[in-house]
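Coordinate analysis (summary)
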Amino acid sequence: MKTREERQKAMAEAGYNTFLLMSEDVTIDLLTDSGTSAMSVDQWNRYLAGRETPAASDAYYELLEAHWETYGHHHVILTHQGRAAEHIMSQLFIREGDYVPGNMYFTTTKLHQEMAGGVFVDVIVDHAHQTDSDFPWKGNIDLEKLEAVYKKAQAEGKKIAYVSFEFDVNMAGGQPVSMDNIKAVYSFCKPRGIPVFFDATRCAENARFIQNRDPAYRNTPVADILLEMFSYGDGATISSKKDMLSNLSGALVFKDNEEWYLRALRLLQLFEGPHTSGGTSAGDMAAHAQGLREMVDDAYINSRVEQTEYLGKLLMDAGIPIVLPPGGHAIFLDARKFLSHLDQDLFPAQMLASQIFIETGVRSMERGNVSKGRNPETGENYRPALELVRLTIPRRVYTRDHMRAVAEGIIELYKKRETIKGLAFTYEPKKLRFFQSRFEPV
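This section reports on the structure supplied with the text. (Residues numbered from 1 in each chain as written. Predicted model: local features only at pLDDT ≥ 70, side-chain atom pairs only at ≥ 80, totals over all residues. Heavy atoms only, no water.)

**Observations regarding the environment of Ile-182**
Within the fold, Ile-182 resides in helix α7 (residues 179–189). Measuring from C-alpha to C-alpha, the distance between Ile-182 and Gly-233 comes to 8.3 Å, with 51 residues separating the pair along the chain. (Helix = DSSP H or I, 4+ residues; strand = E, 2+ residues; numbered from the N terminus.)

**Focus: unusual backbone geometry**
Following Leu-324, the chain continues to Pro-325 via a peptide bond in cis, the omega torsion being -15°. Within the secondary structure, Pro-325 sits in the loop between α12 (298–317) and β9 (330–334). With a phi close to 45°, Leu-432 is a non-glycine residue in the positive phi region. By secondary structure assignment, the location of Leu-432 is in the loop between β13 (423–427) and α17 (433–436). For Leu-432, a relative accessible area of 27% corresponds to the partly exposed category. (Buried < 20%, exposed > 50% of the residue type's maximum accessible area, 1.4 Å probe, protein only.)

**Looking at the packing of helix α3 (residues 58–71) against helix α9 (residues 222–231)**
Interhelical geometry of α3 versus α9 gives an angle of 85° and a closest axis separation of 7 Å. By the angle between their directions, the pair α3 and α9 is classed as roughly perpendicular. Contact residues: α3 offers Glu-69, Thr-70 and Tyr-71, while α9 offers Leu-226, Leu-227 and Phe-230. Of the residues belonging to the contact of α3 with α9, the class tally is four nonpolar, one polar and one charged. (Axes fitted to C-alpha atoms, helices over the stretch in contact; angles between N-to-C directions. Parallel < 35°, antiparallel > 145°, perpendicular 65-115°, else oblique. Contact = heavy atoms within 4.5 Å. Nonpolar A, V, L, I, M, F, W, Y, C, P; charged D, E, K, R; others polar.)

**Some words on the packing of helix α4 (residues 82–93) against helix α10 (residues 258–271)**
Across the interface, α4 lies against α10 with an axial gap of 10 Å and an inter-helix angle of 125°. Between α4 and α10, the angle falls in the class oblique. Classified by chirality, the crossing of α10 by α4 is right-handed. Only Trp-260, Arg-263, Ala-264, Leu-267, Leu-268 and Phe-271 of α10 make contact with α4, whose side of the interface consists of His-87, Ile-88, Gln-91, Leu-92 and Phe-93. Of the residues assigned to the contact of α4 with α10, the class counts are eight nonpolar, two polar and one charged. (Left-handed = near helix turned anticlockwise from the far one by under 90°.)

**A look at the pairing of strand β12 (residues 388–392)**
In terms of burial, β12 is largely enclosed, as five of its five residues are buried. Direction of pairing for β9 relative to β12: antiparallel, over a ladder of five bridges. Among the inter-strand pairings, Ala-330 is bridged to a residue of β12, identified as Thr-392. Where strand β11 (residues 365–367) lies against β12, three bridges are found, and the strand directions are antiparallel. From the neighbouring strand, Arg-367 faces β12, where its bridge partner is Leu-388. (Pairing = 2+ DSSP bridges.)

**Details of the side chain of Gln-290**
Topologically, Gln-290 is positioned in helix α11 (residues 282–295). Owing to a relative accessible area of 9%, Gln-290 belongs among the buried residues under this scheme. A polar contact of 2.9 Å, which involves the side chain of Gln-290, links it to the side chain of Arg-46. Apart from residues no more than four positions distant in its own chain, Gln-290 is found in contact with Asp-42, Gln-43 and Arg-46. (Polar contact = N/O pair within 3.5 Å; in protein donor to acceptor, adjacent residues only side chain to side chain.)

Structure representation (structure tokens):
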């Protein structure tokens with residue numbers, strides 16, 4: 001552990017951007033759950049036994065079988081991570097001016113869609129923008145909003161490229177979608193010829209929420225719930241570095257459309273690598289296959305989500321404003337309420353993440369005005385309704401004692417929140433600015 005003075009110096013050198021901190025300066029790292037899981041002994045055994053070949057390794061076929069068992073989709077395009085799958089899908093399906101409705105944006109997903117010429121439209125339920133709402137399915141798509149986009153596209157002679165449907169919605173606070181909503185969206189889209197593509201990065205967590213919150217699925221194994229979820233869609237992009245417990249890899253999967261699969265293969269070979277690896281090693285594929293089996297173990301997935309809920313309860317009991325109800329992969333602090341004296345253009349979430357590190361040694365990340373970016377037409381910050389700091393829990397890494405230490409540090413910081421000032425840019429990239437931006441206090 002570094003001293004407070006050392007952390008203050010490190011934060012200043014990083015330009016008040018937690019992404020730019022040196023990991024050696026961090027005590028508890030809650031920046032992301034992507035590629036930070038602790039792999040099991042079985043995963044490491046399979047990783048080390050992976051045999052590299054210039055063509056198809058045994059691990060490739062094992063991974064295809066594990067995908068089929070888990071998702072029930074026939075066609076699998078392997079990639080090195082999820083954003084590569086997003087890129088291929090966007091290039092395949094989006095043409096200039098197409099609408100892409102989705103249940104809240106995600107940074108890389110939205111940018112890939114826009115780079116392909118698409119226009120993202122947020123059709124998530126209004127509850128998702130209200131941090132204090134305890135609605136249990138804040139990831140749901142609002143069918144009336146979706147129908148309005150469809151009618152608008154028809155009136156303009158345009159089309160909907162596909163529905164971008166995220167499970168356990170990250171930017172909304174790790175909030176799940178209900179099985180009823182998944183069915184309803186598919187029933188709306190199927191007769192209209194609109195593909196439904198899931199962002200299934202945190203699909204197991206979403207399935208666990210369905211098991212826990214929907215009485216109809218109370219006694220249904222997570223693995224069976226997951227298969228039913230995927231049956232109401234046409235394909236998915238997946239970052240396997242999250243729920244799938246892999247440190248590297250992703251996938252683009254299609255349920256039964258061979259034409260899409262063959263077109264995607266051509267782009268894969270251009271951008272990623274051979275179809276038998278997608279740019280990953282035999283060891284990574286073997287670990288990925290084992291991770292797919294482990295992620296649907298009911299005991300594991302329950303302990304994973306309950307750890308997040310435990311941290312949320314500690315903070316809620318102390319009066320700390322968070323997104324309700326607690327999400328699956330992270331607890332999201334409401335920076336608007338935590339630092340209510342700061343205007344949103346002073347980037348309260350960015351500063352709160354910085355101050356949490358200085359105060360506690362815990363690294364978190366901003367999910368608000370910096371992440372959303374600027375309106376390209378006006379040059380103004382988007383000022384989204386949600387100004388959040390994400391405390392992201394890596395899988396199988398930390399204990400309850402770690403969660404308690406995180407909560408205690410944030411509670412102490414909350415007591416002196418009025419002393420915290422805002423930030424201004426000293427360097428601002430045009431795209432995905434949250435990764436590389438630098439700031440100074442004002």
